[in-house]
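# Results of the structural survey
If you want the building blocks of each chain, they are given just below.
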Amino acid sequence: MPEQPNSGHPPVSARALLAHRAFLFFLLSRSLSRFSSQIAAVAIGWQIYDLTGSAFDLGMVGLVQFLPTALLLFVAGHAADRYERKRVVQLCQLVEAATALYLAIITYLGAVGEVQIFIATFVLGIAGAFESPTTAALLPLIAPQGSLQRATAVSSGAAQVATITGPALGGFAYAVAPHLAYAMMVLFWIFGMILTGFIRPRPQAIAKEGMDSDNIFAGVRFIRSNPAILGTISLDLFAVLFGGVTALLPIYARDILQTGPVGLGVLRAAPAVGALLMTMVLARHAISRHVGLRMFQAVIVFGLATIVFALSSWMWLSVLALAVLGAADTISVVIRFSLVQLSTPDEMRGRVGAVNFLFINASNQLGQFESGVAAALLGAMPAAVLGGVATVAVALLWMKLFPSLRQVESLE
């Protein structure tokens, strides 16, 4: 790995991080955006399945949301490096709020249909394609020097609080009135946009002008030249592509576990509960040794928990398996984010982050598409079991293909 830019600085405690004003505003804004996204996942997923009853259409939601990322990947990364990052994030939050308002209105009027939901999902995907890599590139300019791993854990924990309450509250709101869930999304994105404006980051290294290929594709070349980063990002892509069961949760909630929208909200919140507990541990005790090996171990546990969830017909066991899955994923996320950000020059963080976001979106949203198609062909339970087995196999294979990643000892 290259020399870490934050090394040599004493770490800052979690309490001191929360006293850092710029970091606190960042946490609140990111949490509100995550809150809205999780409500959207519950509302859109349940509404599509309620309208069509099709597992394939559930998978199509993931594909439609992923397409903007694939189409706008390099433009989004260049924008994060070329323009003031907090302004880019604010614009994205404004677009997301307007889209949620559109969904609230057409749902309230009874004019909602499958096509309108897919169009709105596509617009949310466009905004997310710009917002996520820009937010990731903004954090290193906000976190106190020497504490990016801990800041990542605290930030992830704050987002998980929103992820826990978002699906549960979204399920309750949708059960009361579907348009109410979308109205809540509008409020949270607007408040998030306001809070983003209060962030005062350190000076940003601006990328040189121009949209030529040397600038746009610099992130790809950087990743290809760093085996540890390439292995980290691609591991997440293939592991979650096969192991993600998020798209199948409406099927499990209604047909296997015999619960409704509220139960779906609980299932969606369960991984976040496990993730939050793990981030509390990581915020106090940063991973200081064998970080590469720990990431592989976490992915294997993720796959095994997926298998347990797939085979479960009891609500308590399903929730427990999803919580373990979320805890394991958090370890992988913290290591991956810290490794990528600390190894990347600031003027390239947007473009590298955009490639990273493509892989994350591919694993999550294409994973939804893959799960939906597999469930339509094989049934929900066999498709989920197969995905968990494939995740474990990918982790073992990547340990052989990327020995430099397995041997990474520390981050900061």
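Here, the structure is the one placed above.
Described below are features of the structure shown in this document. (Residues numbered from 1 in each chain as written. Predicted model: local features only at pLDDT ≥ 70, side-chain atom pairs only at ≥ 80, totals over all residues. Heavy atoms only, no water.)

Quick look at the overall build of the chain now. Each helix and strand counted, the chain has 17 helices and 0 strands in total. Scaling as 2.2 N^0.38, a compact globule of 412 residues should have a C-alpha radius of gyration of about 22 Å, and the chain matches this with 20 Å. For the chain, the spread of C-alpha atoms along the principal axes amounts to about 55 × 45 × 45 Å. Looking at the 412 residues of the chain, the share that counts as buried comes to 60%. Considering only contacts within the chain whose residues lie at least 6 apart along the sequence, 89% involve residues at least 24 apart. A gap of 9 Å separates the mean positions of the 24 positive and 19 negative side-chain charges of the chain. (Helix = DSSP H or I, 4+ residues; strand = E, 2+ residues; numbered from the N terminus. Rg over C-alpha atoms; globule rule 2.2 N^0.38 Å. Buried < 20%, exposed > 50% of the residue type's maximum accessible area, 1.4 Å probe, protein only. Contact = heavy atoms within 4.5 Å. Lys, Arg positive; Asp, Glu negative; His and termini not counted. Charge placed at Lys NZ, Arg CZ, Asp CG, Glu CD.)

In this section: the side chain of T279. Here T279 lies in helix α12 (residues 261-284). When its relative accessible area of 2% is taken as the criterion, T279 is described as buried. Within polar-contact distance, the side chain of T279 engages the backbone oxygen of L276 at 2.7 Å. (Polar contact = N/O pair within 3.5 Å; in protein donor to acceptor, adjacent residues only side chain to side chain.)

Scanning the model with the defined rule gives 3 salt bridges in all. E84 is the salt-bridge partner of R87, the closest N and O atoms lying 3.7 Å from each other. For R87, a relative accessible area of 43% translates into the label partly exposed. Taking relative accessible area as the criterion, E84 reaches 43% and is therefore assigned partly exposed. The salt bridge involving R254 is made with D255; its shortest N-O contact spans 3.4 Å. (Salt bridge = Lys/Arg side-chain N within 4 Å of Asp/Glu carboxyl O.)

Moving on to the layout of surface pockets. The volume enclosed by the largest pocket comes to roughly 210 Å³. The wall of the largest pocket is formed by 13 residues, among which V154, G157, A158, L276 and M280 lie closest to the centre. Taken together, the elements giving at least two residues each to the lining of the largest pocket come down to α1 (14-18), α6 (148-176) and α12. For the lining of the largest pocket, the per-class residue count stands at 9 nonpolar, 2 polar and 2 charged. For the lining of the largest pocket, the domains that each give at least three residues are domain 1 (15-199) and domain 2 (216-411). (1 Å grid on protein atoms, 1.4 Å probe; cavity = no way out; pocket = protein on both sides within 12 Å on 5 of 7 lines; lining within 4 Å. Points joined across faces, edges and corners; volume = space filled by probe spheres on them. Nonpolar A, V, L, I, M, F, W, Y, C, P; charged D, E, K, R; others polar. Domains from an automatic or database assignment.)

Next up on the list: the nonpolar core. It is characteristic of soluble globular proteins that their nonpolar side chains tend to be buried jointly. F23, I44, Y252 and L322 are the most contacted members of the largest nonpolar core, which has 78 residues in total. Of the residues that make up this core, three or more belong to each of domain 1 (15-199) and domain 2 (216-411). Sequence-distant contacts of Y252, that is, excluding residues within four places in its chain, are made with L257, Q258, F309, A310, S312, A380, M381 and A384. (Core = buried A, V, L, I, M, F, W, Y, C linked by side-chain atoms within 4.5 Å.)

We now examine the environment of S338. On the secondary structure map, S338 appears in helix α14 (residues 315-342). The exposure class assigned to S338 is buried, which follows from its relative accessible area of 0%. Distance in space between the C-alpha atoms of S338 and A153 is 9.6 Å, their sequence separation being 185 residues.

Attention now moves to the packing of aromatic side chains. Counted according to the given criterion, the structure contains 4 aromatic pairs. Consider the rings of Y252 and F309, whose centres lie 4.7 Å apart with planes at 40°: the pair is tilted. In this pair, Y252 is assigned in helix α11 (residues 249-256) and F309 in helix α13 (residues 291-311), connecting sequence segments 57 residues apart. (Phe/Tyr/Trp six-rings, centres within 6.5 Å; stacked < 30°, edge-to-face > 60°.)

Mapped onto the secondary structure, S312 falls in the loop between α13 and α14. For S312, a relative accessible area of 2% translates into the label buried. In this structure the side chain of S312 is engaged in a polar contact, spanning 3.0 Å, whose partner is the side chain of S318. In this view, S312 contacts Y252, I256, L257, L317, S318 and M381; residues no more than four positions away in its chain are not counted.

With respect to the helices and strands, L18 occurs in helix α1. Residue classification places L18 among the partly exposed residues on the basis of a relative accessible area of 42%. The spatial distance from the C-alpha of L18 to the C-alpha of F238 is 34 Å, given a sequence separation of 220 residues. For L18, the residues in contact, after removing those within four places along its chain, are F23, L24, L27 and V154.

The subject of this paragraph is α12. Compared with an ideal rise of 1.5 Å per residue, which puts 24 residues at 34 Å, α12 spans 35 Å between its outermost C-alpha atoms and is within 8% of the ideal. At A269, α12 shows its maximal bend, which comes to roughly 30°, and the proline P271 appears one to four places after that position. (Expected span 1.5 Å × (residues − 1). Bend = angle between axes of the 7 residues up to and from the residue.)

Nothing here speaks to function; it is all geometry.
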